[in-house]
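So you can see what is in the structure, the chains are spelled out below.
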Amino acid sequence: MRISFPVMMFLLLVSVASAQENNLPQDYLSPEFHAGRREALRELMPDNSVTVVFAYPMRKFSNDVDYVYHPNPDLYYFTGYTEPNAMLFIFKEPQTAADGSTYKELFFVQKRDPGAEQWTGIRLGAEGVKQKLKIAQVFNGGDFSKHPISFDKFSQVLLYGFPQDMDRKQTRGEGLYALMNQFIARSGYSDSLNGKGKFNTTLYYKYTAQLREIKTEEEIALLRKAVEISCNGQVEVMKAVKPDMSEREIQGLHEFVHKKYGAEEVGYPSIVGAGNNGCVLHYQENNDLQVANRMVLMDVGAQYHGYTADVTRTIPANGKFTAEQKLIYQLVYDAQEAAFKLCKDGASWQELDKVSREVILEGLVNLGIAKNKSEAGKYYPHGLGHHIGLDVHDRGNYGTVKKGMVITIEPGIYIPKNSNCDPKWWTIAVRIEDDLLIREKDYELLSRNAPRTIAEVENTIAQKSALDNFVLPPLQSGKKGF
Ligand SMILES: [Mn+2]
């Protein structure tokens, strides 16, 4: 068949356009993953119960601008839905509709709205959720008031409770507040009942922790990627770092590398603290204009498709650790290694913490920084580690470490200015944080690509960086006559 030139051009344009439309990531969690998680929850739930999961609220950034929306990790885990204004019910037993059909879930989502979508982007709507996320019973939020479901008959309603800072006075419309208020009115729930009677927050927390703490293969693939991206960020920053850089600039380099690899967000506000700033555990001002000849503590994690890494490296900005810095760094490193050795299925969190803490406390006493272990404790004021996943401090138990968990091991020593020790130790802050996948007999160090020994760190800083030639012109806007 001969195709005329105009038709050919048309087909070409259509194919180019559709290729562009489809140029999207393909490695999201599958509908089967989410369905499997709902089924796993259902198996744990007690007889005659329902679990309720609400979307997170939108948060105001300024005037008529909202913060970038972050979905409730639980709702994402059970559905894959990333929009606000939604409410999910998961029933233990199949429920019977008026027409005799049965359903195991109900999902109310925000409706399509061309006017709103022109401003804030395409919504899936009920039909889109059915097709894309393969959930059977999906309705617009506005349909909840008409749905005949009754909550009287359930012996237990499992839910998290509502954020305390939410204004729930708004009752009209189809948004999250309307859904919550209608749920409250129809179920008899109130804040004072939270955790009492049939409203069970304890079981909700227990079951979601039990599920989310053990990662499936699909989740591990995303975490592996988030961690690898974060490690490459650490490597590139080590190669590029110079004493005249600012904390903000170093933060930007990490986050540029994350985005270059397609990570949407950081999993928590990036921590880049030079010298004494490293002693602030969750420092996030990052506003020191010159890291100078100090150590820089960099706790930065890429978030990829909802899953976040959590990797910390502490490096000398001028490329060489001082003698004192080396001694402290090596103590933290040894503490981390002591914990690593015990990491496997069945290990106890408490034991991991104890063994590695002992290394640090003893070391600080031996160096004369503290008179005894109890005094040394103030230089290590946090726990050894935590689960990572959809939350950086992911839900899970902290009793036994199990196969399939992904955890951080992050000992640290922080000696602030004016501490009760020789001033030569002051302002030294070191944290080394790695991400581990627990296996039956050992672990996989997911963050192995980030240099960790003193020699590896110094050798990486000595390497050239493409950014060495990336020089921006000085700003003129502060000058007279600009
Ligand atoms: Mn951490």
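Residues numbered from 1 in each chain as written. Predicted model: local features only at pLDDT ≥ 70, side-chain atom pairs only at ≥ 80, totals over all residues. Heavy atoms only, no water.

Draft legend 1. Focus on the sheet that holds strand β19 (residues 443–445). If you walk across this open sheet you meet the three strands as β15-β18-β19, and the pairing is antiparallel. Strands at the two margins of the open sheet, each flanked by one partner only, are β15 (406–409) and β19. If you compare each strand with its neighbour and ignore which way they point, the axes differ by 35° on average. Sheet analysis places β15 next to strand β18 (residues 434–438), joined by four bridges and oriented antiparallel. Counted as the bridge partner of Val 406 is Leu 437 from β18. (Pairing = 2+ DSSP bridges. Helix = DSSP H or I, 4+ residues; strand = E, 2+ residues; numbered from the N terminus. Axes fitted to C-alpha atoms, helices over the stretch in contact; angles between N-to-C directions.)

Draft legend 2. Highlighting the nonpolar core. Counting residues in each nonpolar core, the largest one holds 70 residues, and the members touching the most others are Met 87, Phe 89, Phe 107, Phe 144, Phe 183 and Tyr 307. With seven residues, the single largest contributor to this core is helix α8 (residues 217–240). For Tyr 307, the residues in contact, after removing those within four places along its chain, are Leu 29, Phe 33, Tyr 76, Tyr 77, Glu 219, Leu 222, Leu 223, Ala 226, Ala 302, Gly 389 and Leu 390. (Core = buried A, V, L, I, M, F, W, Y, C linked by side-chain atoms within 4.5 Å. Buried < 20%, exposed > 50% of the residue type's maximum accessible area, 1.4 Å probe, protein only. Contact = heavy atoms within 4.5 Å.)

Draft legend 3. Fine view of the domain arrangement of the protein. When cut into domains, the protein gives domain 1 (27–212) and domain 2 (217–469). Using only C-alpha atoms to locate each centre, domain 1 and domain 2 end up separated by 36 Å. With 17 residues of domain 1 at the contact, the number on the domain 2 side is 16 residues. Taken as a group, Asp 27, Leu 29 and Arg 212 account for 38% of the area that domain 1 buries against domain 2, more than any other trio of residues on that side. Remark: the boundary between domain 1 and domain 2 carries four salt bridges. Across the pair Arg 212 and Asp 394 runs a salt bridge whose closest N-O atoms are separated by 2.7 Å. At the junction of domain 1 with domain 2, the criterion picks out nine residue pairs in polar contact (both at pLDDT 80 or more). Counting residues per element, the ones that place at least two in the side of domain 1 that touches domain 2 are α3 (73–79) and α7 (201–212). Broken down by element, the side of domain 1 that touches domain 2 gets its largest block of residues, five residues, from α7. (Domains from an automatic or database assignment. Buried area = accessible area lost by both parts, 1.4 Å probe. Salt bridge = Lys/Arg side-chain N within 4 Å of Asp/Glu carboxyl O. Polar contact = N/O pair within 3.5 Å; in protein donor to acceptor, adjacent residues only side chain to side chain.)

Draft legend 4. Spatial organisation of the sheet that holds strand β8 (residues 199–200). Spatially, six strands are ordered β6-β5-β4-β1-β7-β8 in an open sheet, and the strand pairing comes out mixed. The open sheet is flanked by β6 (138–140) and β8, the only strands paired with a single partner. As defined by bridge partners, strand β5 (residues 102–109) adjoins β6 across three bridges and the pair is classed as parallel. By the bridge assignment, Phe 108 is partnered in β6 with Phe 139. This element, helix α6 (residues 176–187), spans β1 (49–54), β4 (87–96), β5, β7 (156–158) and β8 of the sheet and lies at about 155° to β1.

Draft legend 5. Local environment of the environment of Leu 203. Turning to its location among the elements, Leu 203 is positioned in helix α7. Between the alpha carbons of Leu 203 and Met 45 there is a distance of 8.3 Å; along the sequence they are 158 residues apart.

Draft legend 6. Structural detail: the pattern of salt bridges. All told, the structure shown has 29 salt bridges when counted by the stated rule. The shortest N-O distance in the salt bridge between Arg 42 and Glu 39 comes to 2.7 Å. Here Glu 39 and Arg 42 lie together in helix α2 (residues 31–44), a separation of three residues that amounts to about one turn. Residue classification places Glu 39 among the partly exposed positions, given a relative accessible area of 30%. Ionic pairing is found between Glu 410 and Arg 431, a salt bridge with its closest N-O pair at 3.8 Å. Taken as a pair, Glu 410 in the loop between β15 and β16 (412–415) and Arg 431 in strand β17 (residues 428–431) lie far apart in primary sequence, 21 residues in all. On the accessibility criterion, Glu 410 (10% relative accessible area) is buried. Arg 431 sits in the buried class, given a relative accessible area of 2%.

Draft legend 7. Up close: the layout of surface pockets. There is about 350 Å³ of room inside the second largest pocket. Along the wall of the second largest pocket there are 15 residues; nearest its centre are Met 245, Glu 249, Leu 467, Phe 470 and Val 471. No other element matches helix α9 (residues 247–260), which puts four residues into the lining of the second largest pocket. Taken together, the residues of the lining of the second largest pocket break down into eight nonpolar, two polar and five charged. (1 Å grid on protein atoms, 1.4 Å probe; cavity = no way out; pocket = protein on both sides within 12 Å on 5 of 7 lines; lining within 4 Å. Points joined across faces, edges and corners; volume = space filled by probe spheres on them. Nonpolar A, V, L, I, M, F, W, Y, C, P; charged D, E, K, R; others polar.)

Draft legend 8. Just the environment of Tyr 67, in detail. Position of Tyr 67 among the secondary structure elements: in the loop between β3 (65–66) and α3. The residues touching Tyr 67, leaving out its near neighbours within four places in the chain, are Arg 59, Lys 60 and Phe 61.

Draft legend 9. Spotlight on the packing of aromatic side chains. For the structure on display, the rule yields 22 aromatic pairs. An aromatic cluster of three or more residues is present, and its members are Phe 54, Phe 89, Phe 91, Tyr 103, Phe 108, Phe 139, Phe 144, Phe 151, Phe 154, Phe 183, Tyr 189 and Phe 199. Sitting over the ring of Phe 144, Arg 186 keeps its end group 4.6 Å from the ring centre. In this structure, Arg 357 packs its charged tip against the face of Tyr 380, placed 3.9 Å from the ring centre. (Phe/Tyr/Trp six-rings, centres within 6.5 Å; stacked < 30°, edge-to-face > 60°. Lys NZ or Arg CZ within 6 Å of the ring centre and 35° of its normal.)

Draft legend 10. Structural view of the coordination of the manganese ion. Summarising the metal site, the manganese ion is bound by the protein donors Asp 310 (OD), His 386 (NE2), Glu 410 (OE) and Glu 433 (OE), whose distances to it range over 2.1 to 2.4 Å. Here the donor residues of the manganese ion are spaced in sequence according to D-x75-H-x23-E-x22-E. Of this pair, Asp 310 sits in the loop between β13 (307–308) and β14 (311–316) while Glu 433 is found in the loop between β17 and β18, placing the two residues 123 residues apart along the sequence. Asp 310 sits in the buried class, given a relative accessible area of 3%. Among the residues examined, Glu 433 registers a relative accessible area of 0% and is labelled buried. (Donors = N, O, S within 2.8 Å, 3.2 Å for Na, K, Ca; no water.)

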